[in-house]
Amino acid sequence: MVQFENEVAVVTGGGSGIGRATAEAFAREGARVVVSDVDVEGGEETVSRIEENGGVAIFVEADVTDEDAVAAMVETAVSEYGRLDFACNNAGIGGAQKPTADLSFDEWERTIDVNLHGVWRSMRYEIPAMLDGDGGVIVNMSSILGRVGFENASAYVTAKHGLLGLTKTAAIEYAQKGIRVNAVCPGFIDTPLLSEGGLDEPEARTGIESLHPMNRLGSVDEVASAVVWLCSDGASFTTGEALTVDGGYTSR
Ligand code: NAI
């Protein structure tokens, strides 16, 4: 028995890592999925994987810093599948790894543009599409770095903290209009993103693992299942929540 039959999900950054696992998880639950990414090869690979497992998905190339592309992504959900029920705003980058005062404005702005403005841009189109239908659920991909600081990552940390404010505010605004808005705050997850900061090197990886009381990284499926739960009827009274999935990192 699947729980999202006849429903439609959009996943940004669906061509890799957490986004791919989330797109696949939505499809396993019966949703038709719009997989969106700047990475065409990765996005198409996700669609192939879903189709090989009997699911339904379509790829839309969209850079979340490009408003027209984001509008077209949401339009595709409606034109292809007739509705939009779920959106996981997941596309993100690590950005430049430098102390705060060493960042150039362009480095700062790029990280904020993808990780924070990109989510707001997506919500600007997702919310009207959901209001036109039966409502829906939005899940924004924040991070434990939306809760605590981390050296050499001030723009990323700022964007991820900002996402929680955006999530809570939109949750209030649309609570009586059938839209729930939540966030997930993962600890360090084993994805290609880690290599951006050199955190996939064995010594750095061991150090990062040890920051989690479970002494390991999380898996993409452990994050995807949190997204699916937030979209499910079991979470029908949950909105404005930031669900931490971090092996205990922020409990220290
Ligand atoms: P990833 O690098 O495997 O996947 C990110 C995807 O986003 C890639 O497919 C990439 O092409 C896409 N993307 C990047 N810039 C984009 C843009 N401008 N427009 C559209 N797509 C774009 O990384 P991962 O780890 O799966 O990250 C997914 C999200 O999870 C990000 O928002 C990240 O900040 C967040 N996150 C990741 C953690 C980790 O340890 N891996 C921990 C906490 C949060």
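Just above, that's the structure.
(A) Structural detail: the site of the ligand. As a matter of local geometry, the ligand sits amid 29 residues, with Ser16, Asp37, Tyr156, Ile189 and Thr191 nearest to it. Between an oxygen atom of the ligand and a main-chain N or O atom of Asn90, the distance comes to 2.8 Å. Summarising the interface, the protein chains cover 93% of the accessible area of the ligand, which totals 830 Å² for the free molecule. In this structure the site holding the ligand corresponds to the largest pocket. Elements with a contribution of two residues or more to the shell around the ligand: α1 (17-28), α5 (154-174) and α6 (193-196). Here the residues of the shell around the ligand sort into 15 nonpolar, 10 polar and four charged.

(B) The arrangement of the pattern of salt bridges in detail. Under the counting rule described, the total for this entry stands at nine salt bridges. With a closest N to O distance of 3.2 Å, Asp190 and Arg205 form a salt bridge. Taken together, the residues Asp190 in the loop between β6 (179-186) and α6 and Arg205 in helix α7 (residues 202-210) connect sequence positions 15 residues apart. Between Arg205 and Glu209 there is a salt bridge, with the nearest N and O atoms lying 3.3 Å from each other. Residue Arg205 and its partner Glu209 are both found in helix α7; the two are separated by four residues, about one turn of the helix. Judged by its relative accessible area of 25%, Arg205 is partly exposed. Through salt bridges with shared partners, a single network forms among Arg83, Asp85 and Asp134.

(C) Local environment of the packing of aromatic side chains. The tally for this structure, following the rule as stated, stands at five aromatic pairs. Between Phe4 and Phe26, the aromatic rings sit 6.0 Å apart at their centres with planes inclined by 45°, giving tilted as the arrangement. Linking Phe4 in the segment before β1 (8-12) with Phe26 in helix α1, this pair joins segments that are 22 residues apart in sequence. Residue Phe26 is classed as buried on the basis of its relative accessible area of 0%. Following the ring pairs from residue to residue traces out a cluster consisting of Phe4, Phe26 and Phe86.

Rules behind the numbers
Residues numbered from 1 in each chain as written. Predicted model: local features only at pLDDT ≥ 70, side-chain atom pairs only at ≥ 80, totals over all residues. Heavy atoms only, no water. Near = heavy atom within 4 Å. Polar contact = N/O pair within 3.5 Å; in protein donor to acceptor, adjacent residues only side chain to side chain. Areas by Shrake-Rupley, 256 points an atom, 1.4 Å probe, with all protein chains shown as cover. 1 Å grid on protein atoms, 1.4 Å probe; cavity = no way out; pocket = protein on both sides within 12 Å on 5 of 7 lines; lining within 4 Å. Sits in = over half its atoms within 2 Å of the grid points. Helix = DSSP H or I, 4+ residues; strand = E, 2+ residues; numbered from the N terminus. Nonpolar A, V, L, I, M, F, W, Y, C, P; charged D, E, K, R; others polar. Salt bridge = Lys/Arg side-chain N within 4 Å of Asp/Glu carboxyl O. Buried < 20%, exposed > 50% of the residue type's maximum accessible area, 1.4 Å probe, protein only. Phe/Tyr/Trp six-rings, centres within 6.5 Å; stacked < 30°, edge-to-face > 60°.

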